[in-house]
Amino acid sequence: MGKWSTCWIQFSQDSRLPAEFEITDYCYDSDKKNALSVQVFRWSDGSYLEDQDHWWLSGIHRDVLLLSKPQVFIADYFFKSNLADDFSYADIQVEVKLDYSRETSKETVLTDYVLEAVLYDFGSWYNRNGNVDLLSTNVANMQLNCFPTRTLGFHGNMLEGKLEKPKLWSAEHPNLYTLVIVLKDASGNVVDCESCPVGIRQVSKAPKQLLINGRPVVIRGVNRHEHHPRVGKTNIEACMVKDLVVMKQHNINAVRNSHYPQHPRWYELCDLFGMYMIDEANIETHGFDLSGHLKHPTQEPIWAAAMMDRVIGMVERDKNHACIFSWSLGNEAGYGPNHSASAGWIRGRDPARVLHYEGGGSRTPSTDIVCPMYMRVWDIVKIANDPNETRPLILCEYSHAMGNSCGNLHEYWEAIDNVFGLQGGFIWDWVDQALLKDNGKGSKFWAYGGDFGDSPNDLNFCLNGITWPDRTPHPTLQEVKHVYQPIKVYLRESMVMIKNTNFYDTTEGVMFEWAVLGDGCELGCGVLSVPVIEPQSSYDIEWKSGPWYPLWASTDSIEIFLTITAKLLHPKRWVEAGHVVSSTQVQLPARRDTIPHIIKAKDDVLSTELLGDNIRFSNKLWEITLNTKTGSLENWKVEGVPIMKNGIFPCFWRAPIDNDKGGGPSSYYSKWKAALIDDIDFLAESCSIQNKADNLVKLAIAYVGLIKGENGTSNESKKVALFEVDMLYTIHSSGDIIIESNVKPSFNLPPLPRVGVEFHLEKSVDQVKWYGRGPFECYPDRKAAAHVGVFERSVEDMHVPYIVPGESGGRADVRWVTFQDKDGVGMYASTFGTSPPMQLNASYYSTAELDRAIRNEELVKGDNIEVHLDHKHMGIGGDDSWTACVHEKYLVPAVPYSFSIRLCPITAATSGQDLFKSQLQN
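## A closer look at the sheet that holds strand 37 (residues 787–794)
The strand order across the open sheet formed by 9 strands is 31-32-33-34-43-40-39-36-37, and the pairing between neighbours is antiparallel. Only two strands of the sheet have a single neighbouring strand rather than two, namely strand 31 (680–692) and strand 37. With direction set aside, neighbouring strand axes in the sheet form an average angle of 20 degrees. Of the strand pairs in this sheet, strand 33 (residues 721–732) and strand 34 (residues 737–745) are connected by 9 bridges, and their pairing is antiparallel.

Pasting the structure below:
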């Protein structure tokens, strides 16, 4: 075997854009073999421009192709359209650049070759039952203009034509045509051809508005990194399709390519599915923020060519894609003359799109959109109301979805839906960027920063998705779908308003359904007759005229909820018929005032027995043992079956989530740790019987929450009491236990994680049914999507397996809950008296275990089920993950609280609904 001779061709430093190399002169003729090799360098000076927050994975992230072209060929083309004012026709153009070998003269090209361009109706191909007559779908021919206007970047050929009644492209109606460009020789033989799908659409600006086809569409977006859980930055088409299917199913209509141009197939799919896009240059210079002694690249003329090369390469590669409404100059790379130069080049090359750049404060002359990241709701409203700011505001990043997050999302959208000048935003971000790793024991886990021996690393700071790495939705995605839903329902005084917020779609392809719940039980449902609602229009129904009114008028329910759901009548590319587009629940007016709960006395005799430090209460159905020294309910048996052990104690601590830890010393977590809220023992200072009768006993327990000593025992000598809690038990012969709690925190404590009670159930009592919000996880500041109803889950299924554990699996606004074993034996709990609904949590994993483990796979189930019933639970936050940003109304200040709960035994013969109604006066 002979020796290979090696020829180095060229070198490229942008890891995301194509690099084209002319290799003709280096190829052997057909007698010899050629070997194409590519060498990857881990670092270059270009690396300073690629300092994005994501996995830095070496290798080639794009396809490698070897392409042979004729001596005269189509080198590039740029399709453009100019719509008439009334959109009745479009003037269409395609600029074509020809290239030719050194042996071919320019004059020969101009005289011996012919260029043609044709537009075909792409959409009509699907309506021919597989028999496509290509020629019949020709909708426009473009002729060569012999006197073209010279434009920046092209000194070539302009073909022009006219398209009558164009089908416009938008995310709602992604109509595409097929452009075919043909180069023929003088004899009419095809020498070369190029083709791509194109869309006819117009991007323009109005005061405080971005317009698509003349309409101010709302950007319901996400940021998307290229990430696959097994192959990292390598792109697989099935994964891209999965992304778009899940996005469209959850009402997402826009994507920002964070923070680099992505795989070419991604753009074709976004054109096809209908997804507005910001295409972003591969420029980010985070590292220079830590290098104050160096001049920033954007200020240095020597860096201008490198920065502009990345911007120009992006535009030239992607310019024919209808989905792109805006070019972005990059991300978090400061601001300076090099950005101004890049912005000027784009505006000259492609004035038909807008320009985006957040760096330098999000309002520089180089951006046509005010595009802040993580700006608070009240601040974006201020900008929108500023008469001197004429640009629309679209958040390039907001609602940092790190772990259990995205609280306050509904508040952003209340502002966006109601304040002129606010036009949406892009959530950070789409997918948890974890990689699948073998643990060496036959199973795999989601690995993050440091799990590969990588140093330095950002630990779990790439786990910011609203889906897991395999695109399984987080519970948060339900909230996103709800606030992004295009059909909205409001109850305003006497009217139910159904509003179609689409800009192009009517509701012709939608079926509306209604359902009414009374105290959690369905009273009736049906199809709602609604006329076709035009885009940006609404239809009002007087709620007393609706088909649900007779049910409302005849029910004795205290709470009555109406749900209106919009479903697709026909399948789409991304979903089957019957898909729920929008679903909204509103509470109808109560028919009567709520009367405080009571327990109706029964004739059963309550047996009370003193057994040393224990008191046993019982009747023929149940038995409770309470320890007078600890205040603990030692055990509870129903029909002889153990139900509860080790309870009931006050609780103020939760396993911290990522957002709790944001802010360093000023974080909630740091303040909680400094106050030792996580390190408290509750000791019973006193336990005494206050009242005793044949059918009830009142028992008062006074707890003090003391800081634990170094050996784990309470520091009683110093009497450092963070909490004083008085709990009054009223134990009825029926088995009902009413617990009235009065909480008095120390005066100098920070906002609390929770205020409630904790107890432990036997592992067999694992079937949970509740009347409250659900069925998925929800919290006080993230519950807009969670309807009120009766839901049922196992304790196993209530757990949410966030990659890094913490507080999770909660359910908000719970009125009552039952915990039962397979035979239906268990316990019931509810709010009582005037106490508001509770926050519920039930898990095999203790709070301490959720705090200890650093990944979900490390969690160890306890010997029981830990249950929390919270009178107050702090919000989860999510405006960002590096400051203490839970909104004030979702904080739990350390002030006195009073609340009551009811517990009682339950069997298969009794339902939670029946028990709840039994405590309501008629």
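## Examining the packing of helix 7 (residues 409–418) against helix 8 (residues 476–484)
Axis separation between helix 7 and helix 8 bottoms out at 10 Å; the angle between their running directions is 15 degrees. Classed by the angle they form, the pair helix 7 and helix 8 counts as roughly parallel. As helix 7 runs across helix 8, the sense of the crossing is right-handed. Residue-level contacts link L409, H410 and W413 of helix 7 to E479, V480, V483 and Y484 of helix 8. In terms of residue class, the contact of helix 7 with helix 8 is made up of 5 nonpolar, 1 polar and 1 charged.

## Topic: helix 8
Summarising burial for helix 8: 8 of the 9 residues are buried, a large majority. Residues of helix 8 that are buried include every one of T476, L477, E479, V480, K481, H482, V483 and Y484, and no others.

## Things to note about the side chain of S326
Its place among the elements puts S326 in strand 13 (residues 324–328). A distance of 3.3 Å separates the side chain of S326 from the backbone oxygen of V354, its partner in a polar contact. Excluding anything up to four places from it in sequence, S326 contacts M277, I278, D279, V354, L355, H356 and I369.

## What to know about the pattern of salt bridges
Taken as a whole and assessed by the stated rule, the structure comprises 51 salt bridges. The shortest N-O distance in the salt bridge between E226 and R62 comes to 3.1 Å. Of this pair, E226 sits in the loop between strand 10 (219–224) and helix 2 (237–249) while R62 sits in the segment before strand 1 (72–83), and the two are 164 residues apart along the sequence. Residue classification places E226 among the buried residues on the basis of a relative accessible area of 1%. Under the relative-accessibility criterion, R62 is labelled buried at 13%. In this structure, E316 engages R349 in a salt bridge whose closest nitrogen and oxygen atoms are separated by 3.0 Å. With E316 in helix 4 (residues 304–318) and R349 in helix 5 (residues 337–349), the pair connects residues that are 33 residues apart, well separated along the chain.

## Things to note about helix 4
The periodicity of an α-helix, 3.6 residues per turn, causes residues three or four positions apart to be oriented the same way. Taking 1.5 Å as the rise per residue, helix 4 with 15 residues should run 21 Å; its terminal C-alpha atoms sit 21 Å apart, in good agreement. Regarding helix 4, the residues found buried are A304, M307, R310, V311, M314, V315, R317 and D318. Those residues of helix 4 hidden inside the fold are in contact with helix 3 (264–273), strand 12 (276–280), strand 13 and helix 5.

## Some points on the environment of Q767
Examined against the element boundaries, Q767 turns out to sit in strand 36 (residues 767–774). Placed 30 residues apart in sequence, Q767 and D797 show a C-alpha to C-alpha distance of 9.8 Å. Ignoring sequence-local partners within four residues, the contact set of Q767 consists of R793, S794, T818, F819 and Q820. There is a polar contact of 3.3 Å between the side chain of Q767 and the side chain of D766.

What counts and what doesn't
Numbering of residues starts from 1 in every chain and runs along the sequence as written. With pLDDT at 70 or above as the cut-off, local features in this predicted model cover only qualifying residues; side-chain atom pairs require 80 or more to be listed or tallied, and sums for whole chains, interfaces and linings still use all residues. As a rule here, side-chain values come from all non-hydrogen atoms in the structure, and water together with hydrogens is ignored. The criterion for strand pairing is that DSSP finds at least two bridges linking the strands in question. Secondary structure follows DSSP: runs of H or I at least 4 residues long count as helices, runs of E at least 2 residues long count as strands, and numbering of each begins at the N terminus. Between N-to-C directions, angles cover 0 to 180 degrees, with each direction set by a line fitted to C-alpha atoms, over the stretch in contact for helices. In these notes the angle categories are as follows: under 35 degrees is roughly parallel, over 145 is roughly antiparallel, 65 to 115 is roughly perpendicular, and the rest is oblique. Each helix crossing is assigned a hand: it is left-handed if the near helix lies turned anticlockwise from the far helix by less than a right angle, otherwise right-handed if that turn is clockwise. We call two residues in contact when some of their heavy atoms are within 4.5 Å. All residues other than Ala, Val, Leu, Ile, Met, Phe, Trp, Tyr, Cys, Pro, Asp, Glu, Lys and Arg, Gly among them, are scored as polar; the first ten of these are nonpolar and the last four charged. Any residue under 20% of the maximum accessible area for its type is buried, any over 50% is exposed, and the rest in between are partly exposed; the area is computed with a 1.4 Å probe on protein chains only. As used in this structure description, the phrase polar contact means that two N or O atoms lie within 3.5 Å; if the pair is within protein, one of them must be able to donate a hydrogen and the other to accept it, and residues adjacent in sequence are counted only when both atoms belong to side chains. Just to be clear on terms, a salt bridge is a Lys or Arg side-chain nitrogen sitting within 4 Å of an Asp or Glu carboxyl oxygen. In a helix, the anticipated span is given by 1.5 Å times the number of residues less one.

Just distances and angles here, no functional claims.
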